[in-house]
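# Observations on chain architecture
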Amino acid sequence: MEIISLQNENFTEIAAACVDGARAEFSQKIEKGGKYRLIVAFSDVAFGAEKYNESFLASLRENLKSAEALLANFVISPFSKNALSSIDDALEMTAAFKHCARRIKDCENIVGFEIPRAFSSLERADELVENFMQELAEKHPKYLFFREK
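Residues numbered from 1 in each chain as written. Predicted model: local features only at pLDDT ≥ 70, side-chain atom pairs only at ≥ 80, totals over all residues. Heavy atoms only, no water.

## Points about the nonpolar core
Where we set the bar: Only buried Ala, Val, Leu, Ile, Met, Phe, Trp, Tyr and Cys residues count toward a nonpolar core, and they belong to the same one when joined by side-chain atoms within 4.5 Å. Buried means the residue's accessible area, taken with a 1.4 Å probe over protein chains only, is under 20% of the maximum for its type, while exposed means over 50%, and partly exposed covers the values in between. Only runs of H or I of at least four residues qualify as helices and only runs of E of at least two qualify as strands under DSSP, and these elements are numbered from the N terminus. Pairs of residues are marked as contacts when any of their non-hydrogen atoms sit within 4.5 Å.
With 42 residues, the main nonpolar core has Leu38, Leu64, Phe74, Phe97, Ile104 and Phe113 as its most contacted residues. Of all elements in the fold, only strand 3 (35-41), helix 2 (42-45), helix 3 (54-67), strand 6 (73-79), helix 4 (87-103), strand 7 (110-114) and helix 5 (125-137) reach the threshold of two or more residues within this core. Discounting residues that sit within four places of it in the chain, Leu64 has contacts with Phe26, Leu38, Phe74, Ile76, Ile104, Cys107, Asn109 and Ile110.

## Some remarks on helix 4
This is how the line gets drawn: What a helix should span is 1.5 Å times the count of its residues minus one. Any pair of N or O atoms that falls within 3.5 Å is considered a polar contact. Within protein, one atom must be able to donate a hydrogen and the other to accept it, and sequence-neighbouring residues count only if both atoms are side-chain atoms.
Between the first and last C-alpha of helix 4 there are 24 Å, a value that for 17 residues agrees with the 24 Å anticipated at 1.5 Å per step. Those residues of helix 4 not exposed but buried are Ala90, Met93, Thr94, Ala96, Phe97, Lys98, His99, Cys100 and Ala101. One side-chain oxygen of the residue at the start of helix 4 lies 3.3 Å from the amide nitrogen of Asp88, identifying that residue as Ser86.

## Details of the pattern of salt bridges
Our working definition: Any Lys or Arg side-chain nitrogen located within 4 Å of an Asp or Glu carboxyl oxygen qualifies as a salt bridge.
Evaluation of the coordinates by the stated rule reveals 11 salt bridges. Between Glu13 and Arg37 there is a salt bridge; the shortest N-O distance is 2.6 Å. Note that Glu13 is positioned in strand 2 (residues 12-15) and Arg37 in strand 3, a separation of 24 residues in sequence. Between Arg37 and Glu148 there is a salt bridge, with the nearest N and O atoms lying 3.3 Å from each other. One end of the pair, Arg37, is in strand 3; the other, Glu148, is in the segment after strand 8 (144-147), with 111 residues separating them in the sequence. Residue classification places Arg37 among the buried residues on the basis of a relative accessible area of 5%.

## Observations regarding the side chain of Thr94
With respect to the helices and strands, the residue Thr94 is situated in helix 4. Sequence-distant contacts of Thr94, defined by excluding residues within four places in its chain, comprise Phe119, Asn131, Phe132, Glu135 and Leu136.

## Points about helix 5
The α-helix advances 3.6 residues per turn, and as a result positions three or four apart in sequence lie on the same side. Here is the rule we go by: To be clear, the arc concerns the directions from the helix axis to the C-beta atoms.
The end-to-end C-alpha distance of helix 5, which contains 13 residues, comes to 18 Å, matching closely the 18 Å that a straight helix rising 1.5 Å per residue would cover. Among the residues making up helix 5, those that are buried are Ala125, Leu128, Val129, Phe132, Met133, Leu136 and Ala137. Angularly, the buried residues of helix 5 cover 155 degrees about the axis, an arc narrow enough to put them on a single face. On the buried face of helix 5, the contacting elements are strand 1 (3-5), strand 6, helix 4, strand 7 and strand 8.

## Topic: the packing of aromatic side chains
Which entries qualify depends on this criterion: Aromatic contacts are taken between Phe, Tyr and Trp rings whose centres are within 6.5 Å, Trp giving its six-membered ring; a plane angle under 30 degrees counts as stacked, one over 60 as edge-to-face, and the others as tilted.
Applying the stated rule across the entire model yields six aromatic pairs. Arranged with centres 6.5 Å apart and planes meeting at 65 degrees, the rings of Phe113 and Phe132 form a pair that is edge-to-face. Taken together, the residues span a long stretch of sequence, with Phe113 in strand 7 and Phe132 in helix 5 at a distance of 19 residues. Phe132 matches Phe113 in its accessibility class, with the two residues each being buried. Relative to Tyr143, the ring of Phe113 has its centre 5.5 Å away and its plane inclined at 50 degrees; by these criteria the two rings are tilted. Linking Phe113 in strand 7 with Tyr143 in the loop between helix 5 and strand 8, this pair joins segments that are 30 residues apart in sequence. Residue Phe113 shares its accessibility class with Tyr143, and that shared class is buried.

Okay, structure coming up:
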């Protein structure tokens, strides 16, 4: 699978924090035909191992669906507020964003996912990146993968 550099693309950053229960705020930030990098915090998606914030994910989906009419496209950019300290943390983050991908799978405006930057500081980073892409591509083969370089 190819990884596309975000530097070659022109995405506007939006924090997903404005998504949770704030559709009006979110839609005001979206322009017709825009390209957006939606920063989604790991802690907003998951409370712990296999404990997901379904309320947040439902809001995320609703907002992305509402933006479809504007023909806006999104790259989901996983972000961890805290440094990942182990490979297990990275695998938990992968599982959380795989679940996120399942919850937003019917949103036609999702271009793909950014590789979590937090992986780069961990041992076996290349394997973690490959695993992230394989896990998400398993049921979402149309997704592209991006990396900031």
